[in-house]
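Reading the structure
Chain by chain, the residues:
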Amino acid sequence: MRNLRLAPAGPARGVTTSGAVWAPNDDARAEAFHPLVRWGLYLFVFSLPFEWPQRSIPVEVTTLTGGLFLLATLIQPQRCFARLPTALWWFCATLAVFWVSFAVGGAAYPRDALKAFVLRLENLLAFWAAYNLMRDDRIATRTWLIFGVACVALASFTLAGAVNLDEDWVKKSGRVTLVGQNANHAGLILASGALALVGLTYGRDRKLLRPRLLVWPLLALIGIALVKTGSRGSFLSLTVGLWTFTAVGRTILVRVRNTAVAVFAVALLAWAAWQLPLMRERFQQIEQGNLAGRERIFPAAWGLFLERPLLGWGPAQNKYELARRLPEEFRTWRDTHNLVLELLTSLGIIGALPFLLGTGLCVWGAWKARRGNHGILPFAMAVALLMGNMSGNYIGLKLFWLVLAWGAAAGSLVAPPRATPARLRLIPQC
């Protein structure tokens with residue numbers, strides 16, 4: 001008599017010994033992390049808004065807290081560095097080109113190059129560790145909630161009067177920041193914090209604040225502080241980031257709600273910006289072709305790239321050479337104010353391509369993550385930071401690397417849509 005066994009009629013991922021169809025399922029949550037590792041990440045993230053330009057210590061606050069986080073990961077290195085995202089290999093390739101470009105460019109300004117390398121290496125290690133930690137939904141949610149709270153604190157301190165210590169600069173520029181922070185940097189941080197709060201409240205199935213209206217006073221606080229920085233790029237970054245929320249929604253009603261929230265937030269922000277003479281004047285300057293010097297920097301930087309397109313001028317040397325091309329500014333060092341131009345002028349096409357490929361993989365992961373627990377928020381924050389990088393060079397911004405890590409991590413947890421369950425049929429077996 002023939003034996004019978006069960007097999008799927010269509011494609012299946014596997015069959016158990018009892019005959020039931022099964023599909024291999026990746027562990028959607030990372031293994032439990034030591035409290036010191038988790039709180040090391042939380043401290044690192046909380047410190048991101050609090051840049052202290054006139055500090056007495058030689059190390060930036062975020063560099064110090066980032067080092068403490070990496071030190072904490074040594075408690076569980078096999079868990080914190082268990083998985084290697086594909087984007088990491090491309091970023092490592094860029095780091096390898098860093099020294100090749102430095103040598104070919106004449107090995108100029110070694111001290112500046114070494115400092116830039118150490119910061120990028122720290123950011124890369126933080127990216128790797130954060131990727132593994134934020135594969136745990138709870139850790140990721142708490143991380144960005146803490147970041148949003150930190151941005152509320154930054155906005156509160158700024159509006160409370162803890163402004164630039166250089167009163168002459170405040171009177172001349174009219175731009176208000178906490179203890180003299182870079183206005184564009186502070187504005188981009190605040191924009192990202194606002195997106196985090198909106199996404200955690202409206203972009204998820206499980207809302208963190210009940211009722212949701214409680215988040216609006218916090219958003220208003222951040223919005224006012226952002227407008228006072230006078231940062232046009234940050235304003236546009238927040239606008240683009242908010243608009244991404246209109247692209248998704250499990251139902252028509254959710255999409256309509258998200259669109260209404262985005263439109264209301266953008267309209268409120270635009271109204272507040274137009275009420276402030278500084279912001280209104282800065283936007284009007286765009287019509288006159290005044291981009292705060294970028295109208296001269298961008299063509300000069302593009303000229304640098306065309307002269308050395310393959311490996312660039314070398315890290316740090318590109319900035320000194322750019323300043324020499326702008327003699328009317330009387331500076332010895334000038335930033336490109338654009339991430340792509342920074343990559344092309346410092347590392348050339350050979351160094352820029354792997355970095356852009358790695359970034360693209362992270363953004364693609366963030367887009368895939370819209371079907372997961374975090375919704376569109378990882379993509380919204382990634383888009384906002386990329387928008388900010390069009391008018392500023394934030395390759396060393398730790399927030400940028402953490403958002404890329406979150407996009408890659410969240411995307412890795414979303415499985416492709418499953419096919420229709422296979423029917424079981426009897427297969428005769430001799």
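None of these values were measured; they are calculated from a predicted model. (Residues numbered from 1 in each chain as written. Predicted model: local features only at pLDDT ≥ 70, side-chain atom pairs only at ≥ 80, totals over all residues. Heavy atoms only, no water.)

Some details on empty space enclosed by the protein
Definition in use: Definitions used for this entry: grid spacing 1 Å over protein atoms alone; cavity, a set of points where a 1.4 Å probe fits but cannot get out; pocket, an open set with protein on both sides within 12 Å along at least 5 of 7 lines; lining residue, one with an atom within 4 Å of a point. Grid points are joined across faces, edges and corners, and a volume is the space filled by probe spheres set on the points. Numbered from the N terminus, helices here are DSSP runs of H or I no shorter than four residues, and strands are runs of E no shorter than two. Residue polarity follows a fixed list, in which Ala, Val, Leu, Ile, Met, Phe, Trp, Tyr, Cys and Pro are nonpolar, Asp, Glu, Lys and Arg are charged, and the others, Gly among them, are polar.
Inspection of every chain in the model, using the stated rule, returns three cavities of 30 Å³ or more. Estimates place the volume of the largest cavity at around 70 Å³. Taken together, Phe91, Thr94, Leu95, Arg120, Leu124, Phe355, Ile395 and Trp401 make up the full set of residues lining the largest cavity. Counting residues per element, the lining of the largest cavity draws most heavily on helix α4 (residues 86-104), at three residues. Its residues assigned to classes, the lining of the largest cavity shows six nonpolar, one polar and one charged.

Some remarks on unusual backbone geometry
With a phi angle near 55°, Tyr109 is a residue other than glycine that sits in the positive phi range. Here Tyr109 is to be found in the loop between α4 and α5 (110-133). Here Ala316, not a glycine, exhibits a phi torsion of approximately 80°, which is positive. Tracing the sequence through the fold places Ala316 in the loop between α13 (294-307) and α14 (317-324).

Details of the packing of aromatic side chains
As a reminder, the rule being used: Paired rings are identified among Phe, Tyr and Trp, the last through its six-membered ring, by centres lying within 6.5 Å, and are further divided according to the angle between planes into stacked (under 30 degrees), edge-to-face (over 60) and tilted (the rest).
Taken as a whole and assessed by the stated rule, the structure comprises 23 aromatic pairs. With 5.3 Å between their ring centres and 90° between their planes, Trp99 and Phe102 make a pair best called edge-to-face. Separated by three residues within a single helix, Trp99 and Phe102 lie in helix α4, roughly one turn from each other. Ring centres of Phe127 and Trp401 lie 6.2 Å apart, and the angle between their planes is 80°; on these two criteria the pair is classed as edge-to-face. Residue Phe127 is found in helix α5, and its partner Trp401 is found in helix α17 (residues 398-412); the two are separated by 274 residues along the sequence.

Here's the deal with the packing of helix α2 (residues 61-73) against α5
Put simply, the test is: Axes here mean lines fitted to C-alpha atoms, for a helix over just the part in contact, with angles spanning 0 to 180 degrees between N-to-C directions. Our angle categories are set so that under 35 degrees counts as roughly parallel, over 145 as roughly antiparallel, 65 to 115 as roughly perpendicular, and the remainder as oblique. Note on convention: the crossing is left-handed when the near helix lies turned anticlockwise from the far helix by less than a right angle, right-handed when the turn is clockwise. We call two residues contacting when some pair of their heavy atoms lies within 4.5 Å.
With their axes 10 Å apart at the nearest point, α2 and α5 run at an angle of 50° to one another. In terms of orientation, α2 and α5 fall into the oblique class. Crossing hand, α2 versus α5: left-handed. Judged by residue contacts, Thr63, Gly66, Gly67, Phe69, Leu70 and Thr73 of α2 engage Leu119, Glu122, Leu125, Ala126, Ala129, Ala130 and Leu133 from α5.

Looking at the pattern of salt bridges
Let me state the cut-off plainly: Basic side-chain nitrogens of Lys or Arg form a salt bridge, by our definition, when they fall within 4 Å of a carboxyl oxygen of Asp or Glu. A 1.4 Å probe rolled over the protein chains alone gives each residue an accessible area, and that area as a share of the maximum for its type sets the label: buried under 20%, exposed over 50%, partly exposed in between.
Taken as a whole and judged by the stated rule, the model has 11 salt bridges. Between Arg296 and Glu329 there is a salt bridge, and its shortest N-O distance comes to 3.0 Å. Taken together, the residues Arg296 in helix α13 and Glu329 in the loop between α14 and α15 (339-368) connect sequence positions 33 residues apart. For Arg296, a relative accessible area of 35% translates into the label partly exposed. Residues Arg324 and Glu321 are paired through a salt bridge, measuring 2.7 Å at the closest nitrogen-oxygen approach. Within this pair, Arg324 and its partner Glu321 are both found in helix α14, separated by three residues, close to a single helical turn. One continuous salt-bridge network, built from bridges that share partners, spans Glu295, Arg296, Glu328, Glu329 and Arg334.

Some remarks on the nonpolar core
To keep things clear, this is the line we draw: Take the buried residues of types Ala, Val, Leu, Ile, Met, Phe, Trp, Tyr and Cys, join any two whose side-chain atoms come within 4.5 Å, and each joined set is a nonpolar core.
If you look at the biggest cluster of nonpolar residues, it comprises 104 residues, and the most contacted ones within it are Phe91, Phe127, Trp144, Phe147, Met381 and Leu399. Ignoring anything within four residues of it in the chain, the contact list for Leu399 reads Leu48, Trp144, Phe147, Ile189, Ser192 and Leu385. Within the second largest apolar cluster, eight residues are counted, among which are Ala301, Leu304, Trp313 and Leu322.

Focus on helix α9 (residues 215-229)
At 3.6 residues per turn, the α-helix brings residues three or four places apart onto the same side. The test is simple: A helix's residues, less one, multiplied by 1.5 Å, set its expected span.
Between its first and last C-alpha, α9 extends 22 Å over 15 residues, near the 21 Å set by a 1.5 Å rise per residue. Turning to α9, its buried residues are Val215, Trp216, Leu219, Ile222, Gly223, Ala225, Leu226, Val227 and Thr229. In the core, the buried residues of α9 are packed alongside α6 (137-159), α8 (183-202), α10 (232-243), α11 (252-275) and α12 (277-287). Gly230 sits one or two residues past α9 and shows a positive phi near 70°.

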